[in-house]
Amino acid sequence: MTNTSFIIQKTAEFVKQTLKTAESGHDWWHILRVWNNAKRIAQTENVDFFVVELAALLHDIADAKFNNGDEEIGPKTAGDFLKSLNVDAEITEHVQQIIRHMSFKSSFDAVGFTSEEMKVVQDADRLDAIGAIGIARAFTYGGFKNREMYNPEIEPDFSLTKEAYKNSAAPTINHFYEKLLLLKDKMNTKTARKIATQRHRFMEHYLEQFYAEWNEIK
Ligand code: ADP
Ligand code: NI
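In this text the structure is predicted, and so the values were computed from the model without any measurement.

J.: What is the right way to read the overall build of the protein from this model?
T.: When you go through the protein residue by residue, the secondary structure sums to 10 helices and 0 strands. Walking the protein from its N terminus toward its C terminus, one meets helices and strands in the order α-α-α-α-α-α-α-α-α-α. For the protein, the C-alpha radius of gyration of 18 Å lies close to 17 Å, the compact-globule estimate for 218 residues. For the protein, the spread of C-alpha atoms along the three principal axes comes to 65 × 35 × 35 Å. Counting only carbon and sulfur atoms, one obtains 51% of the accessible surface of the protein, whose full area is about 11700 Å².

Pasting the structure below:
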């Protein structure tokens, strides 16, 4: 086994172990899907696979949402782990920068860092937020937060600021308009854009059916 595949294997084990008790929208299966998406997208991009795979594996290792809003906890946990495996400092730093800057909520901030590897991992994560799985994750998250599924009296807010997005307690259907339906046009790579088009269409059909059923008995 090469040193890089050994490090990737150790990282996967660490992530799987750490996320054992995570809620199901952010569990090991999410990481596995993002890792697979990332490898698929990377095939048509000129990127360092090692950085892409490490960042995909570690991108949700510690979420600020579940750690009193501490946005440095993810990069720090990832960095400490990679240092313990003696991963090259430059690679570790790059992985940390990706984790720090790739999230949807970071996209509200001025662009602080970008790289081809980050674009791939970001697309891989965004793909998992749309389509059938994205819908399942949104309702899982909403249930975890005890939110309503839908409330016809609460309009989606299209002009959310970063703080408002983070603090939003709106029904889960609103999240489609505030994030999920916007992701297709935010994809960085051609491969992800193509996959996103089909998943986006599925969400539109889903919403049509949802409203049709909601309004059936009147
Ligand atoms: P990011 O790390 O890109 O900011 P999140 O960690 O906020 O994304 O989201 C993780 C998952 O939970 C995604 O599938 C996302 O769509 C879902 N989610 C986040 N916020 C909400 C919300 N307010 N309502 C429903 N689902 C949500
Ligand atoms: Ni993620």
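J.: Honestly, the coordination of the nickel ion (ligand 2) in this entry has me stumped. Any pointers?
T.: At 2.1 to 2.3 Å from the nickel ion (ligand 2) lie its protein donor atoms, namely H30 (NE2), H59 (NE2), D60 (OD) and D125 (OD). We note that the donor set of the nickel ion (ligand 2) lies within a single chain, spaced as H-x28-H-D-x64-D. D60 shares its class with H59; the two are buried.

J.: Sorry if this is basic, but what is going on with helix α10 (residues 190-214) here?
T.: In an α-helix there are 3.6 residues to a turn, and that puts residues three or four apart on one side. With 25 residues, α10 should cover 36 Å at 1.5 Å per step; its first-to-last C-alpha distance of 36 Å lies within 8% of that length. Within the sequence span of α10, burial applies to T191, A192, I195, A196, H200, M203, L207 and F210. Next to the buried residues of α10 lie α2 (28-42), α6 (116-127), α7 (131-144) and α9 (172-178).

J.: Where do I start with the site of ligand 1 in this structure?
T.: The environment of ligand 1 is made up of 14 residues, and the closest members are H26, K65, R147, H175 and K179. Note that an oxygen atom of ligand 1 is positioned 3.1 Å from one of the side-chain N or O atoms of H26. The side chain of H175 places a nitrogen or oxygen atom 2.8 Å from an oxygen atom of ligand 1. Protein chains shield 92% of the accessible area of ligand 1, which is 540 Å² for the free molecule. Ranked by residues supplied to the shell around ligand 1, first place goes to α7 with 3 residues. A per-class count over the shell around ligand 1 returns 5 nonpolar, 3 polar and 6 charged.

Rules behind the numbers
- What you see as residue numbers is a count from 1 along each chain, following the sequence as written.
- To label them, take the chains in the order written and letter them from A, then take the ligands in the order written and number them from 1.
- Only residues with pLDDT of at least 70 are given local features in this predicted model, and only at 80 or more are side-chain atom pairs given and counted; all residues enter the totals for whole chains, interfaces and linings.
- Hydrogens and water are ignored here; the side-chain numbers use all heavy atoms of the structure.
- Strands are runs of DSSP state E lasting at least 2 residues, helices are runs of H or I lasting at least 4, and numbering of each runs from the N terminus.
- Both definitions apply: the radius of gyration is a C-alpha atom measure, and the globule rule equals 2.2 Å times residues to the power 0.38.
- Exposure was quantified through the Shrake-Rupley algorithm and a 1.4 Å probe, taking into account, for residues, occlusion by the shown protein chains and nothing else.
- Because water is not among the atoms used, a metal site may look incomplete, as its donors are only the N, O and S atoms within 2.8 Å, or 3.2 Å for Na, K and Ca.
- Exposure classes here rest on a 1.4 Å probe applied to the protein chains alone. A residue is buried below 20% of its type maximum, exposed above 50%, and partly exposed in between.
- A helix is expected to reach a length of 1.5 Å times the quantity of its residues less one.
- Residue contacts follow a heavy-atom distance rule, with two residues in contact if any of their heavy atoms lie within 4.5 Å.
- Nearness of a residue to a molecule or strand requires only that one of the residue's heavy atoms be within 4 Å of it.
- Definition of a polar contact: a pair of N or O atoms within 3.5 Å, with one able to donate and the other able to accept a hydrogen when the atoms are protein atoms, and with sequence-neighbouring residues admitted only if both atoms are side-chain atoms.
- For this classification, the nonpolar set comprises Ala, Val, Leu, Ile, Met, Phe, Trp, Tyr, Cys and Pro, the charged set comprises Asp, Glu, Lys and Arg, and every other residue, Gly included, is treated as polar.

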